[in-house]
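# Remarks on the overall topology
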Amino acid sequence: MYKARTASIVPGDQPDPSLEAEAADESDGDDAVSATLSDVTAAALNLIHRFLVGLGDLARYRELYAFQDHPGQWHVAQGYYRRAMRINPDIGKPYSQLAILASYSSQDNIFGVFPVTDEVEVVYWYCLRLAFQLEDASASNIHKPYGNLIMGISPLLTSKVNAPTTTALTIWLGMVVPVLIATHQDLGQRFEQTELPTSRQAIRILQVYLTALLLHLLATGLELAVGVLADPLFDPEALDDMLDERLAWLPICGLVAVWLEMNSEPIFKIWGTYVGTFSESLEVLQPTLLRACHSLSAFANFASSFADMDGMAECLAEDVDLLGLVPLRAYYGKLSSASLRAVLHNASDVQADNAGKPATTTASTGGTHVRVARIAALANHLATQPEPDAFRFDDATGRYVVLDRDAKKKDQHKLSKALATELLRSQVSTLQSHLTRLDALQQRLPTCVLPASVYVDHTPRVRRWIGSGRCVVVLPLEVIDHLDLLKKGNERRNARAREVMRFLDQRFRFRSRFLVAQPRTDDAGGEEGLVGCLEAWVKKGHCWFVSEDEEAREEARRVGAVGVGVEEWEEVLRSKSGGGGDGMGRRRE
């Protein structure tokens with residue numbers, strides 16, 4: 001990871017990647033020379049990194065012990081530490097030193113709005129250091145201030161996030177959001193390190209609360225931005241130059257969006273597992289998730305007309321401090337090397353103009369298109385994930401939508417009830433006529449019984465078998481019960497079971513002659529309720545059992561049925577149809 005970064009983000013003379021690629025194709029001797037040069041470069045950069053941290057320490061000591069009336073000019077030390085960060089953002093030492101610098105001036109109120117700004121900056125730098133893989137001893141210098149301040153972050157957030165949009169507020173939140181992300185990461189590491197059930201439960205509870213807080217910030221920022229995008233006079237071409245303060249939250253929203261996109265599976269797995277254990281779940285936490293989904297869908301629907309919905313590989317000013325942050329590392333590894341160099345080259349000037357404040361707090365209006373694309377990419381990603389299951393893309397309307405859970409449950413209950421009613425009606429009122437017609441059909445068409453696994457794993461083929469009229473499919477009631485159980489869940493298999501149930505319901509509604517419900521009197525139980533069904537239909541004539549399970553096929557053979565696999569069944573239908581079965585079957589339907 002370190003060597004890959006040095007070639008793309010370190011300013012100054014670097015080995016040309018194309019030359020390195022050519023060298024890799026040379027002889028073994030050339031490969032050895034190239035490897036040696038790479039090792040020398042890495043060692044040199046590591047040495048420069050240590051020198052810069054040392055120079056920063058010397059500048060800090062000089063200012064700290066200077067006999068002046070107004071000490072505290074820390075920009076020289078900050079400059080050295082920041083240069084070290086750009087040499088290798090994977091080492092946490094400079095972040096620890098910047099936290100120490102921030103602690104020296106924590107009693108000052110430099111923005112005139114939040115007296116805690118510098119205290120949060122201490123926590124900001126310390127939490128960034130926590131999220132690095134390479135450890136250093138300097139962390140012990142700021143354990144105490146972190147412990148004192150982290151306990152006060154939650155009330156500070158709840159008292160500030162609903163305030164009017166101001167520069168100071170977005171600067172403050174620009175530091176708080178990385179603190180929350182790094183703390184979530186640190187809690188995950190602590191979870192793996194402890195075996196105590198009570199401690200693990202408490203850690204997960206804290207992670208759920210942190211996620212809810214970040215979702216709240218995302219929703220707040222997106223709701224403000226939607227007000228801009230929904231304006232009839234909004235011009236996407238002028239987006240990067242707009243000074244509307246409602247867009248000042250986009251750097252914050254973009255950061256939360258990147259974090260959610262890169263870590264959606266573990267984040268929402270923890271959420272789904274533990275959110276139900278909270279007394280506040282229905283009143284606060286679940287509405288927070290739904291609010292975030294609604295605001296994201298509204299934002300993405302407006303942005304889809306001009307934004308890159310797959311995201312953009314461009315680096316932004318707010319990324320500079322966070323390049324080594326583990327939860328975001330995978331995302332930053334995909335950024336364009338050219339944009340990365342450009343942003344790092346300009347970072348010194350930006351930081352000098354802002355008195356060394358964190359880069360996330362001083363993002364300019366430029367790059368708004370990139371921030372919009374990052375948020376749109378989150379919408380595109382979540383729409384394909386099992387969780388949160390309420391957020392989806394509707395192919396029919398071409399829009400992102402949020403599904404209402406109560407409405408979903410009512411529709412599912414209504415569908416199940418309608419299916420059961422129609423099935424019963426089909427059995428009672430038309431059983432005799434079905435059997436009469438089936439006797440004639442069976443003289444020409446093969447009859448088969450399928451287990452629930454075939455319906456779920458080979459849904460398109462089952463639809464084709466029934467719809468083409470090339471065979472008669474017998475559906476045991478126990479298979480319906482099995483499908484009804486399988487449809488509950490968020491996995492792909494559950495979704496396919498729901499699709500099958502809808503298709504079967506439609507076929508029964510239209511009285512398909514090629515799909516027959518097995519009367520309950522013929523259902524003798526057995527594995528998946530199929531043995532009794534097979535015995536009954538073997539007595540009426542030739543019956544096939546189609547399954548990928550060899551043991552199930554063997555059981556079917558014992559009662560007189562012909563057991564075949566799915567591919568074999570396809571061959572049977574092709575041989576019996578003679579090429580004309582499809583058209584004739586559709587006319588009969």
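Worth saying up front: this structure is predicted, and the values here are computed from it rather than measured.

### Brief notes about the overall build of the protein chain
Along the protein chain, the regular secondary structure elements total 24 helices and seven strands. A total of 589 residues make up the protein chain; the buried ones form 49% of that total. Partitioning the contacts of the protein chain with sequence separation of at least 6, the portion at a separation of at least 24 is 72%. Total accessible area on the protein chain is roughly 28,100 Å²; 54% of this is exposed by carbon and sulfur atoms.

### Some words on the nonpolar core
Where a protein is soluble and globular, its nonpolar side chains tend to be buried together. In this structure, Trp125, Leu260, Phe299 and Phe391 are the most contacted members of the largest nonpolar core, which totals 103 residues. Broken down by element, the residue count for this core peaks at 15 residues, all from helix H10 (residues 197-229). Here Phe299 is in contact with Leu222, Ala225, Val226, Leu229, Leu250, Val372 and Ile375, once residues within four sequence places are set aside. With 51 residues, the next largest nonpolar core counts Ile466, Cys471, Val531 and Ala556 among its residues.

### A short note on the pairing of strand E2 (residues 399-402)
Alternating residues of E2 divide into Tyr400 and Val402, all buried, and Arg399 and Val401, none buried. Bridging between strand E1 (residues 391-394) and E2 involves four bridges; their strand directions are antiparallel. Counterpart to Arg392 in the pairing with E2 is Val401. Hairpin geometry of E1 and E2 is characterised by an intervening segment of four residues between the two adjacent antiparallel strands and by a positive phi of about 70° at Gly398.

### Looking at unusual backbone geometry
The residue after Glu387, namely Pro388, is reached through a cis peptide bond having omega 0°. Tracing the backbone shows Pro388 in the loop between helix H15 (368-382) and E1.

### Overview of the pattern of salt bridges
Note that side chains of opposite charge can pair when their charged atoms are close. The tally for this structure, following the rule as stated, stands at 17 salt bridges. Put simply, Arg557 and Glu554 hold a salt bridge, and the shortest N to O gap is 3.2 Å. Taken together, the residues Arg557 and Glu554, both in helix H22 (residues 550-558) and three residues apart, mark about one turn of the helix. Accessibility expressed as a relative area gives 35% for Glu554, which makes it partly exposed. Bridged by salt links that share partners, the residues Arg461, Arg464, Glu567 and Glu570 form one connected network.

### Looking at the confidence of the model for the protein chain
Chain-level pLDDT for the protein chain is 76 on average; 71% of the residues reach the 70-or-more range. A low-confidence stretch, residues 352-356 (pLDDT under 50), is modelled with six contacts involving residues beyond four sequence positions or located in other chains. The low-confidence segment residues 360-365 (pLDDT under 50) makes 20 contacts with residues lying over four places distant or belonging to another chain.

Rules used throughout
Residues numbered from 1 in each chain as written. Predicted model: local features only at pLDDT ≥ 70, side-chain atom pairs only at ≥ 80, totals over all residues. Heavy atoms only, no water. Helix = DSSP H or I, 4+ residues; strand = E, 2+ residues; numbered from the N terminus. Buried < 20%, exposed > 50% of the residue type's maximum accessible area, 1.4 Å probe, protein only. Contact = heavy atoms within 4.5 Å. Areas by Shrake-Rupley, 256 points an atom, 1.4 Å probe, with all protein chains shown as cover. Core = buried A, V, L, I, M, F, W, Y, C linked by side-chain atoms within 4.5 Å. Pairing = 2+ DSSP bridges. Salt bridge = Lys/Arg side-chain N within 4 Å of Asp/Glu carboxyl O. pLDDT = per-residue confidence, 0-100.

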